[in-house]
There are 4 protein chains.
Amino acid sequence: MRESRPDTAAPAKRSRRKEARPAELLEAALALFVEKGYAATRVEEVAASAGVSKGTLFLYFPSKEELFKAVVRENAGRKLADAQREAAEHTGPTQDLVREYICRWWTEYGGTPAAGLTKLIISEAANFPDLALYYQSEVVQPAHDLLKHIVQRGVARGEFREVDPVLAAHLIVAPLVQLVTWRYSLAPCCPPEQLPDPLALLRLHADVVVRGLSVGAPGDGAAAPQPAAAPPAQPKP
Amino acid sequence: MRESRPDTAAPAKRSRRKEARPAELLEAALALFVEKGYAATRVEEVAASAGVSKGTLFLYFPSKEELFKAVVRENAGRKLADAQREAAEHTGPTQDLVREYICRWWTEYGGTPAAGLTKLIISEAANFPDLALYYQSEVVQPAHDLLKHIVQRGVARGEFREVDPVLAAHLIVAPLVQLVTWRYSLAPCCPPEQLPDPLALLRLHADVVVRGLSVGAPGDGAAAPQPAAAPPAQPKP
Amino acid sequence: MRESRPDTAAPAKRSRRKEARPAELLEAALALFVEKGYAATRVEEVAASAGVSKGTLFLYFPSKEELFKAVVRENAGRKLADAQREAAEHTGPTQDLVREYICRWWTEYGGTPAAGLTKLIISEAANFPDLALYYQSEVVQPAHDLLKHIVQRGVARGEFREVDPVLAAHLIVAPLVQLVTWRYSLAPCCPPEQLPDPLALLRLHADVVVRGLSVGAPGDGAAAPQPAAAPPAQPKP
Amino acid sequence: MRESRPDTAAPAKRSRRKEARPAELLEAALALFVEKGYAATRVEEVAASAGVSKGTLFLYFPSKEELFKAVVRENAGRKLADAQREAAEHTGPTQDLVREYICRWWTEYGGTPAAGLTKLIISEAANFPDLALYYQSEVVQPAHDLLKHIVQRGVARGEFREVDPVLAAHLIVAPLVQLVTWRYSLAPCCPPEQLPDPLALLRLHADVVVRGLSVGAPGDGAAAPQPAAAPPAQPKP
DNA sequence: CATGAATGAGCGTTCATTCAT
DNA sequence: TATGAATGAACGCTCATTCAT
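Rules behind the numbers
- Position labels on residues start from 1 in each chain and follow its written sequence.
- As they are written, the chains are lettered A onward and the ligands numbered 1 onward, keeping that order.
- Reporting of local features is limited, given that this is a predicted model, to residues whose pLDDT is at least 70; pairs of side-chain atoms are given and counted only at 80 or more, and all residues count toward the totals for whole chains, interfaces and linings.
- As a rule here, side-chain values cover all heavy atoms of the structure and leave hydrogens and water aside.
- The numbering of helices and of strands both runs from the N terminus, where a helix is a DSSP run of H or I of at least 4 residues and a strand a run of E of at least 2.
- For each residue, the accessible area found with a 1.4 Å probe, counting protein chains only, is set against the maximum for its type, and the residue is called buried under 20%, exposed over 50%, and partly exposed in between.
- Contacts are assigned to residue pairs that have any heavy atoms within 4.5 Å of one another.
- Surface accessibility follows the Shrake-Rupley procedure with a 1.4 Å probe radius. Residue values consider only the protein chains on display as shielding.
- Polar contacts, as used here, are pairs of N or O atoms within 3.5 Å; protein pairs need one atom able to donate a hydrogen and one able to accept it. Residues neighboring in sequence count only if both atoms are side-chain atoms.
- A least-squares fit on C-alpha atoms brings the copies together, and the residues used are those whose pLDDT is at least 70 in both copies.
- UniProt positions are given in the numbering used here, feature names are shortened, and annotations may be inferred rather than shown by experiment.
- What we call a nonpolar core is a set of buried Ala, Val, Leu, Ile, Met, Phe, Trp, Tyr and Cys residues that are connected through their side-chain atoms within 4.5 Å.
- Expected span of a helix: the number of residues minus one, times 1.5 Å.
- Nearness here has a simple test: a residue counts as near a molecule or strand if at least one of its heavy atoms is within 4 Å of that partner.
- Buried area: the sum, over both parts, of the accessible surface (1.4 Å probe) that disappears when the two are put together.
- When a carboxyl oxygen of Asp or Glu lies within 4 Å of a side-chain nitrogen of Lys or Arg, that pair is called a salt bridge.
- All residues other than Ala, Val, Leu, Ile, Met, Phe, Trp, Tyr, Cys, Pro, Asp, Glu, Lys and Arg, Gly among them, are scored as polar; the first ten of these are nonpolar and the last four charged.
- Note on definitions: angles span 0 to 180 degrees between N-to-C directions of axes, and those axes are lines fitted to C-alpha atoms, for helices only across the stretch in contact.
- Convention used here: angles under 35 degrees read as roughly parallel, angles over 145 as roughly antiparallel, angles from 65 to 115 as roughly perpendicular, and any remaining angle as oblique.
- With the far helix as reference, a near helix turned anticlockwise by less than a right angle produces a left-handed crossing, and one turned clockwise produces a right-handed crossing.
- Aromatic contacts are taken between Phe, Tyr and Trp rings whose centres are within 6.5 Å, Trp giving its six-membered ring; a plane angle under 30 degrees counts as stacked, one over 60 as edge-to-face, and the others as tilted.
- When the NZ atom of lysine or the CZ atom of arginine is within 6 Å of a ring's centre and also within 35 degrees of its normal, the charge is said to sit over that ring.
- In plain terms, two cysteine sulfur atoms within 2.5 Å form what is called a disulfide here.

A. Molecular detail of the overall build of chain A. When helices and strands are tallied, chain A shows 10 helices and 0 strands. By residue count, 54% of the 237 residues in chain A fall in the buried class. A separation threshold of at least 6 residues defines the contact pool for chain A, and within that pool the share at least 24 residues apart is 69%. Just so you have it, chain A exposes about 10,900 Å², and 56% of that area is on carbon and sulfur atoms.

B. Highlighting the environment of Lys36 of chain A. As for its position among the elements, Lys36 of chain A is in helix α1 (residues 13–36). Lys36 of chain A sits 82 residues away from Thr118 of chain A along the chain, and the two C-alpha atoms are 14 Å apart. Apart from residues no more than four positions distant in its own chain, Lys36 of chain A is found in contact with Thr41 and Glu45 of chain A together with Asn127 of chain B. Looking at Lys36 of chain A, its side chain comes within polar contact range of the side chain of Glu45 of chain A, at 2.5 Å.

C. View of the relation of the copies chain C and chain D. For the pair chain C and chain D, the relating rotation is 180°, the translation along its axis is 0.0 Å, and the fit reaches an RMSD of 0.1 Å. Expressed as a symmetry operation, the mapping of one chain copy onto the other fits a two-fold axis. Looking at the interface residues of chain C, 97% of them are also at the interface in chain D, so both copies use one shared face.

D. A look at the UniProt feature "DNA-binding region" (unreviewed entry) in chain A. Residues given the UniProt feature "DNA-binding region" (unreviewed entry) here are residues 42–61 of chain A. Taken end to end, residues 42–61 of chain A is 70% helix and 0% strand, and its two terminal C-alpha atoms sit 14 Å from one another.

E. Representation of helix α6 (residues 94–110) of chain C within the structure. In terms of burial, α6 of chain C is largely enclosed, as 12 of its 17 residues are buried. Where α6 of chain C is concerned, the buried positions are Thr94, Gln95, Leu97, Val98, Arg99, Tyr101, Ile102, Arg104, Trp105, Trp106, Tyr109 and Gly110 of chain C.

F. The arrangement of the nonpolar core in detail. Core analysis: the biggest nonpolar cluster contains 147 residues, and Leu67, Leu117 and Tyr135 of chain C together with Leu67, Leu117 and Tyr135 of chain D have the highest contact counts within it. The residues contacting Leu117 of chain D, other than those within four sequence positions of it, are Leu30, Val34, Val71, Val72, Asn75, Ala76, Tyr109 and Tyr135 of chain D. With 146 residues, the next largest nonpolar core counts Val139 and Leu213 of chain A together with Phe128 and Val209 of chain B among its residues.

G. A look at helix α10 (residues 198–213) of chain A. Given a rise of 1.5 Å per residue, 16 residues ought to cover 22 Å, and the 22 Å separating the end C-alpha atoms of α10 of chain A matches this to within 8%. Within α10 of chain A, 14 of the 16 residues are buried, which leaves it mostly tucked inside the rest of the structure.

H. Focus on the protein's contact with DNA strand F. Looking at DNA strand F, there are 36 residues lining it, with Thr56 of chain A, Lys54 of chain B together with Arg21, Thr56 and Tyr60 of chain D nearest. Within 4 Å of the protein, the contacting atoms of DNA strand F are 68% sugar and phosphate, with bases supplying the remainder. Between DNA strand F and Val43 of chain B there is a distance of 3.3 Å, counted from a phosphate oxygen to a backbone nitrogen or oxygen.

I. Examining the interface of chain B and chain A more closely. In this assembly, 68 residues from chain B lie in contact with 68 residues from chain A. With both sides pooled, the region where chain B packs onto chain A buries about 5,700 Å², and carbon together with sulfur makes up 65% of that total. The three residues of chain B that bury the most area against chain A are Ile122, Leu171 and Arg211 of chain B, which together make up 13% of that side's buried surface. Viewed at the interface, chain A and chain B are joined by 2 salt bridges. Connecting chain B to chain A are 7 residue pairs in polar contact (both at pLDDT 80 or more). Here the side of chain B that touches chain A gets 12 residues from one element, more than from any other, and that element is helix α9 (residues 165–183) of chain B.

J. Representation of the protein's contact with DNA strand E. The full set close to DNA strand E counts 36 residues, and Lys64 of chain A, Arg21, Thr56 and Tyr60 of chain B together with Thr56 of chain C are the nearest of them. Taken together, the sugar and phosphate atoms account for 68% of what DNA strand E places within 4 Å of the protein. A distance of 2.9 Å separates a base oxygen of DNA strand E from a polar atom in the side chain of Lys54 of chain A. Counting only elements with at least two residues in the surface near DNA strand E, the list comes to α3 (54–60) of chain A, α1 (13–36) and α3 (54–60) of chain B, α1 (13–36) and α3 (54–60) of chain C together with α1 (13–36) and α3 (54–60) of chain D.

K. Looking closely at the interface of chain C and chain D. Listed by partner, the interface residues are 71 residues for chain C and 72 residues for chain D. When the two sides are added together, the surface that chain C and chain D hide from each other amounts to roughly 6,000 Å², 64% of it contributed by carbon and sulfur. On the chain C side of the contact with chain D, Ile122, Leu171 and Arg211 of chain C bury the most area, a combined 12% of that side's loss. Taken together, the links from chain C to chain D amount to 2 salt bridges. When the shortest N-O distance is used, the salt bridge between Asp207 of chain C and Arg161 of chain D registers 3.4 Å. Contributing elements (two or more residues each) for the side of chain C that touches chain D: α1, α6, α7 (116–124), α8 (129–156), α9 (165–183) and α10 (198–213) of chain C. Top element by residues in the side of chain C that touches chain D is α9 of chain C. It accounts for 12 residues. Grouping the constituent residues of the side of chain C that touches chain D by class yields 40 nonpolar, 16 polar and 15 charged.

L. Summary view of the packing of α8 of chain C against α9 of chain C. Residues and elements named next belong to chain C. For the pair α8 and α9, the least separation of the axes is 8 Å and the interaxial angle reads 115°. Taken as axis vectors, α8 and α9 run roughly perpendicular relative to one another. Seen from above, α8 lies across α9 with right-handed handedness. Contacts between α8 and α9 involve His144, Leu147, Lys148, Val151 and Gln152 on the former and, on the latter, Pro165, Val166, Ala168, Ala169, His170, Ile172 and Val173. Considered class by class, the residues forming the contact of α8 with α9 number 8 nonpolar, 3 polar and 1 charged.

M. Representation of the packing of aromatic side chains. Applying the stated rule across the entire model yields 28 aromatic pairs over all chains. Here the aromatic rings of Phe33 of chain A and Tyr38 of chain A are separated by 5.5 Å at their centres, their planes lie at 40°, and the arrangement is tilted. An aromatic cluster is present here, built from Phe33, Tyr38, Phe68 and Phe128 of chain A joined pairwise through their rings. Above the face of the Tyr38 of chain B ring, Lys64 of chain B is positioned so that its terminal group lies 4.5 Å from the ring centre.

N. Summary view of the packing of α10 of chain C against helix α10 (residues 198–213) of chain D. Taken N-terminus to C-terminus, the directions of α10 of chain C and α10 of chain D make an angle of 110°; their axes are 7 Å apart at the nearest point. Considering their axes alone, α10 of chain C and α10 of chain D lie roughly perpendicular with respect to each other. Along the contact surface, α10 of chain C presents Val208, Val209, Arg211, Gly212 and Leu213 of chain C, while α10 of chain D presents Val208, Val209, Arg211, Gly212 and Leu213 of chain D. Of the residues belonging to the contact of α10 of chain C with α10 of chain D, the class tally is 6 nonpolar, 2 polar and 2 charged.

O. Molecular detail of the state of the cysteines. All names here are of chain A. Across all of its chains, the model carries 0 disulfides over all chains by this definition. Free cysteine: Cys189, not disulfide-bonded; nearest cysteine sulfur from Cys190 at 6.9 Å. For Cys189, a relative accessible area of 19% gives the class buried.

Below is the structure:
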């Protein structure tokens, strides 16, 4: 709760601040909504955290609900287009595409303050169905579609096994989502040694999921019926 | 909102109900807390949903907060012991153990109403730190420890690659958690064809993660640092 | 809050108790109403204190308000008739009558549990105007009238100075009322040495007020209009 | 219940009111608490009586209990210091000091709205032990000590008989307290002719108690050991 | 008669929202 | 434009009262 912002180099403080107000309020609101939930966050807290009074907040957002929706809209799906273009243009192995996707996800979302949005949506989806729909169609669906296409490409090129691309997309996404929901919920209660390093986790995830999806000897004696001694005969002729 | 319960064979209706009340209230509270969140759920709704009046709820739980805590405690970590015993006694391939774990998780938790608890904890952990701690130490930690040991066993027996067991545990858990959080948040907004069949998803997950962890040809020429020529020398000498 | 009354010698406990119930409830109610006030006393407390359940209380008193009124009526003005007869028959000095009155007041009321009634009436008079009226006409008025007549007798017989009998009655009563209101309000907070012995206080009060009302040398050269000729023989040289 | 205060000359109405609000609320609260008791007074009534809404009250007092405590603290023992200084400096007869004390008590407390505080404390002492302690030590004790010293002075200077100063202090105070408790409890129910004029009562009280305490012929044939031969010379024929 | 589970009107308190300054 | 005093609807909780057992 910063009381007096130093504001590095402040020319014409008032007017400069005025333009930044909505953004500052959204930033403060995101942090508080993520931390305490929508209902438990008082608008006065948001205003104070942004360094303005309660009344001023209502000058920019007509209601708490609209503020919340603005927070979601502001932080949802901004950098998706890039990823999509990239995926379309990529020509290398699909495995690399998956790795690239996971990596970009972290730098563009998972590692930014916007990541809290995930927890927020999970918590409030039922109370703001239209927001949930918006998030679903604007963020989740495109991301899943992108992944689905990547997986389909992998399958089509014979790099991946024949898997349901929708399910595979879920599997690729799950640890990412899990990483941020954890971070904003139980992580503060965990003994530090239990908290995995995000980058290490993502690297292993990419490794495991790519291995798991790729064709090749499974090394799994259980489900895949394979002749015990079966040095991966390198399928895919 | 059932008004008059038929009550198959009712000896001393009043007292019979008395004993059932706490469980009925907890059930109703779990559903509503999961659906709308703690703050947005009115105690009167919980009471009505359990077929009693507001005042009656307070006969059994001294406050809304205590009701919430009881909901969590009641639904948290009940069947864990079984899974642990099973894991300790298992003698087959570790891959089977992992599959078994995922399968059991679904039948004992993910597929039951208690699964909503996961979303609840994620949403409210910051507002109920002691509950979060309780859940972390009673449910999350044991589950993770169990998985960690399973992975360690796999590594020790040469079935799994040399991976960080803590990270691997997270990877195994992530899609499970993701499955239920999704189910209680965005799923109701999804077009049905996007909703994956839970069992199919879990089956694929088990497949992929087991493959991904197991030693053997990865079919991934990119990141996994592997001596090109390294035909799994059949571990466990 | 006695839980299980031993009840010295209990023949046919149930039926014996049944008849005593109202009295026991009134006794318990008086104590609690006096201690905590009408509003802050819960009927369940009264019932528990009398060793019965909440429902039973309503078998004997139709409402909390009626219970309160019964408490007042039960304890108000019982022994007044005696004092009145006594006063009428008395033939000695009026000073003795006053002393006798004060003394009887203590043994018949001030020293009994009923004394708490005074505090109760003071506290609740505005909320129960009809009760206040009842108490005023049944207890206060007769007592004051009696005192007024006593004072008038003293004046008529030349024992007392010419004072307004109504005012004098108030002066005689004031320390009595004060004694009991204090006892049930601030006394529990007082350091013990500040708590005067009731009997000593009453003795001094009788002394002082009788002296103050009686004709004779005042020893006060200031205000009391006294016939110049009556030089107090200056005691205690 | 004034709706719109005229407010003679209003510069910056809003802020002017802001400063006056606590006092207005305290005044309204005192009156209502005195009239109906703490529990039976609803905060909304207090607010309405002060001309504001329920919510506004909580802007100035964090709870009903704190409002009550503020009422007591605000009205308790304000002019005590003056009386004490006066007593210390007084050089005339102690009898005059007592008269002066009684007189000042009326003008500074008994005749002001704060007098209701006495009834309030009597009624609620048991429910607010810390307040009772505060009142006891801040108001009652100093007042009693002052009176005790006055009486001791009178005894030391041979003006008063040898009486226990603590008891005497109680006797001096009793009619004062009685006057105000009566005023706020049963007085409204009394037929007007029964209501004594406060000033007349206090004058007679001063007269009687001073006479009663002073040395000199008691004119009381009973307790005070007096020279047998002192037949009340029948004054005022 | 006695019990105590159940009720629901009522109150204290919070907080999003308004608006005079 | 910015403020913060004021509002009042809404919610958590209590407790007098009822009634099935």
